[in-house]
Amino acid sequence: MPTSETTPQPISAPVAAAIAEIHCAVGDQLNEGDLLITLESMKTRFQVTAPCSGVLQDLLCQIGDTVQKNTPLCHLLPVMEVEGSHIQILAQASAITPKAKTDPSPAVQELQRRLALTEDHSRSEALAKRHNKGSRSARENLNALCDPDSFIEHGQLAIAAQRQRQSIDKLRTDTAADGVITGLATINQAQFPQAPCEVAVIINDYAVLAGTQGYFHHKKLDRMLSLAHKNKLPVVMFTEGGGGRPGDTDVTTMIAGLNLDTFALWAGLEGIAPRIAVAHGYCFAGNAALFGCADITIATRQSSIGMAGPAMIEGGGLGRFKAEQIGPASVQQSNGVIDLLVEDEAQATTAARQLLGYFQGTLSDWSAPDQATIGSLMPDDRRFAYKVREVITTLADKDSFMELRERFGRAIITGFMRLEGKPVAVMANDCSVLGGAIDAEAGDKAARFMELCNRFQIPLLSLCDTPGFMVGPDSESEGAVRRLASLFAAGARFAAPLVCVVLRKGYGLGAMAMAGGSFAKPSYTAAWPSGEFGGMGLEGAVRLGFRKELEAETDPQKKEALFNHLLDKLYENGKATEAAAFLEIDAVIEPAHTRRTVLRALSSAASNSG
């Protein structure tokens, strides 16, 4: 039969330790959870609490004693009563069930305070300066770039190595994160739910020491780039900043600091993961070197990008210039440094997300223009120019074409688009520039683009309409022999799926280069019915091949009639249907069937290469 008598409950040491504090006395009425004894082991303290309500019967230890694990420390006599046939432990009326803490600990509060110093709301003056110049803060760009709640920051508590120059409190506010935000995030994950969308993100903060690269700044860059190498992560980097920083006085164990890894790590990512750089405002010296080394470069119209800023130029005895005069966006766009020029940081961020998407995978949501009218974009008269960009945008999924290096090497158009959501690179001759002849700049541009596509196995559609390579003394003075030959080298290395469609002119070495070096190189080489082929331009072929006959005719009208007769004969012989009949190309296709034919050919090539 139940009894009101109870057995004292032993309370033992959870670890081998020393008795640091005793918080109760024999006879004390205790509630469940009350603190009894504090132990200390290996510099760590452990609290022993009452397992239930009761009376402390004895204490078997005193402060300073050393006890082993499971050694009894005291006995607790539970308070009991008989109720029916059950024995229950009674909690006293005053007993309070222990609750989890809701307020952060002092350590957490200090952490929150330190982190807050790096945020925009703690740097209102710096934020106002950025906004007054029409610019966004680094963290505003960060939030616009990354998927919500996906960014994990690395090195947020870093400050400039200038403790000898400034107070620690001032450094924590004025040099937050040492001028660069680094971390990992996802970008476009909602668009590509089945694809890995993790990206290494680096955003220079011009509001901190003009975005200059200090000691800890470089350590943060190296850490992030090392992770990108290890995990093969794409990198998006905002490069605004003034280059190296000479004012880090705390660093006393280096002379020039040229043994850092940043630039080698960044360059070494080539072919491992795509690198997208964004420039806004002033981007000089080391920052510009990082910008120029990226696979794709985006810049705003406010950008000035140069391998040295005003101070370094003046210090070298080369004159005094304003920052705006050094590598303005208009210059760097026309010389090919900038792949994509945009209005502002908002557009730059949107463009970076879209460009990254071409490397991330296929979109499930797409629509395409009506293909029935695409043939009407080609003039009936072969002598007239047309807008090849309209051909591209008609072939591509709606709003998917993004052109790169628009103002450089203008005889060839390069860019990315999508076909049924699939990313596809495109290059096309522009007959409105040099009649479509490929000059040295266009050769450089196309070769570099092919190399990029090949590194990341992005299929390439080539739309050929060229009379060949640009010739003449002016062209040779631009290094045409070497620069145009680079197209053949890029074509020889090209291993991604390649399809070539000759829209009209397919002449000479230039046409071969547009097809990767040979019409046999693409997995499918086709032409529109308007296609025409020859070892050189027809007019030149007539003048060169029939020079004697033309010189023998002295009557101007008869000479012109003879020339046109010979030209028409060559044109009939070189028509696309004749080239296909001699198996120099794979097929002649109706313009309206181009999109579906290219899709099928690329799909087949991708399957076979896989």
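Residues numbered from 1 in each chain as written. Predicted model: local features only at pLDDT ≥ 70, side-chain atom pairs only at ≥ 80, totals over all residues. Heavy atoms only, no water.

A.B. asks: Please provide a residue-by-residue account of the sheet that holds strand S4 (residues 35-41), values included.
C.D. replies: Strands sit in the order S5-S4-S2-S7 across an open sheet of four strands; the sheet is antiparallel. Single-partner strands in this sheet number two, and they are strand S5 (44-49) and strand S7 (66-67). In this sheet, S7 lies alongside strand S2 (residues 17-22) in antiparallel orientation, the contact comprising two bridges. Note that in S7 the partner of Ala 17 across the bridge is Val 67. (Pairing = 2+ DSSP bridges. Helix = DSSP H or I, 4+ residues; strand = E, 2+ residues; numbered from the N terminus.)

A.B. asks: Can you explain the sheet that holds strand S1 (residues 9-12)? Please cite residues and give values.
C.D. replies: Read from one edge of the open sheet, four strands run S1-S8-S6-S3, paired in antiparallel fashion. The sheet is open, and its two edges are formed by S1 and strand S3 (29-30), each paired on a single side. Examined bridge by bridge, strand S6 (residues 54-59) and strand S8 (residues 72-78) share five bridges and lie antiparallel to one another. From the neighbouring strand, Leu 56 faces S8, where its bridge partner is Leu 76.

A.B. asks: Lay out helix H3 (residues 138-145) in plain terms, naming residues and giving numbers.
C.D. replies: Turning to H3, its buried residues number three or more, namely Ala 138, Arg 139, Asn 141, Leu 142 and Leu 145. The buried residues of H3 occupy one face: seen down the axis, they fall within an arc of 155°. At its buried positions, H3 is contacted by strand S11 (152-154), strand S12 (180-186), strand S13 (198-204), strand S14 (235-238) and helix H10 (345-360). (Buried < 20%, exposed > 50% of the residue type's maximum accessible area, 1.4 Å probe, protein only. Arc of directions from axis to C-beta. Contact = heavy atoms within 4.5 Å.)

A.B. asks: Any details on the pairing of strand S15 (residues 275-279)? Residues and values, ideally.
C.D. replies: Among the five residues of S15, five are classified as buried, and the element is accordingly described as predominantly covered. Every second residue of S15 is oriented toward a common face, with Arg 275, Ala 277 and Ala 279 on one face and Ile 276 and Val 278 on the other, all of them buried. Relative to S15, S14 runs parallel, the two being bridged by four bridges. Bridging from a neighbouring strand, Val 236 pairs with Ile 276 of S15.

A.B. asks: Give me the packing of aromatic side chains: which residues, what numbers.
C.D. replies: The description of two aromatic rings rests on the distance between their centres and on the angle between their planes. For the coordinates displayed, the defined rule picks out nine aromatic pairs. Aromatic pair Tyr 358 and Phe 416: ring centres 5.2 Å apart, planes at 25°, arrangement stacked. In this pair, Tyr 358 sits in helix H10 while Phe 416 sits in strand S21 (residues 412-419), placing the two residues 58 residues apart along the sequence. Comparing Tyr 358 with Phe 416 shows no difference in burial state: the two are buried. Through a chain of ring-to-ring contacts, three or more aromatic side chains come together here, namely Tyr 358, Phe 359, Phe 416, Phe 449 and Phe 456. The residue whose ring lies beneath Arg 275 is Trp 266, and the NZ or CZ to ring-centre distance is 5.6 Å. (Phe/Tyr/Trp six-rings, centres within 6.5 Å; stacked < 30°, edge-to-face > 60°. Lys NZ or Arg CZ within 6 Å of the ring centre and 35° of its normal.)

A.B. asks: Please provide a residue-by-residue account of the pairing of S14, values included.
C.D. replies: Consecutive residues of a regular strand have side chains that alternate between opposite faces of the sheet. Side chains Val 235 and Met 237 project from S14 onto one buried face, and the interleaved Val 236 and Phe 238 project onto a second face that is buried too. Examined bridge by bridge, S13 and S14 share four bridges and lie parallel to one another. By the bridge assignment for S14, Ile 202 is matched with Met 237. Chirality of the crossover, the property in question, places the unit of S13, helix H5 (residues 215-231) and S14 among those that are right-handed. (Right-handed = clockwise from strand over helix to strand, strands pointing away.)

A.B. asks: Could you give me a rundown of helix H12 (residues 440-455), with the residues and numbers involved?
C.D. replies: Compared with an ideal rise of 1.5 Å per residue, which puts 16 residues at 22 Å, H12 spans 23 Å between its outermost C-alpha atoms and is within 8% of the ideal. Restricting attention to buried positions, one finds in H12 the residues Ala 440, Ala 442, Gly 443, Lys 445, Ala 446, Ala 447, Phe 449, Met 450, Leu 452, Cys 453 and Asn 454. The first or second residue beyond H12 is Gln 457, which carries a positive phi of 55°. (Expected span 1.5 Å × (residues − 1).)

A.B. asks: Before we move on, could you go through the pattern of salt bridges and cite the residues and values that matter?
C.D. replies: Per the counting criterion, the structure on display carries 26 salt bridges. Residue Arg 383 pairs with Asp 381 through a salt bridge whose shortest N-O separation is 2.9 Å. Within this structure, Glu 270, Arg 275, Asp 295 and Arg 455 form a network of salt bridges that share partners. (Salt bridge = Lys/Arg side-chain N within 4 Å of Asp/Glu carboxyl O.)

A.B. asks: So what's going on with the packing of H3 against H10? Which residues, and what values?
C.D. replies: Viewed as axis vectors pointing N to C, H3 and H10 meet at an angle of 35°, and their least axial separation amounts to 9 Å. Here H3 and H10 pass one another in a crossing that is right-handed. Residues Asn 141, Ala 144 and Leu 145 of H3 pack against Glu 345, Thr 349, Ala 352 and Arg 353 of H10. Looking at side-chain class alone, the contact of H3 with H10 contains three nonpolar, two polar and two charged residues. (Axes fitted to C-alpha atoms, helices over the stretch in contact; angles between N-to-C directions. Left-handed = near helix turned anticlockwise from the far one by under 90°. Nonpolar A, V, L, I, M, F, W, Y, C, P; charged D, E, K, R; others polar.)

A.B. asks: Could you give me a rundown of the environment of Gly 243, with the residues and numbers involved?
C.D. replies: Of note, Gly 243 is situated in the loop between S14 and helix H6 (262-268). What makes Gly 243 buried here is its relative accessible area of 0%. In this structure the C-alpha to C-alpha distance between Gly 243 and Gly 309, which are 66 residues apart in sequence, comes to 8.1 Å. If we skip the residues at most four places from it in the chain, Gly 243 touches Thr 212, Gln 213, Phe 284, Ala 285, Gly 286 and Asn 287.

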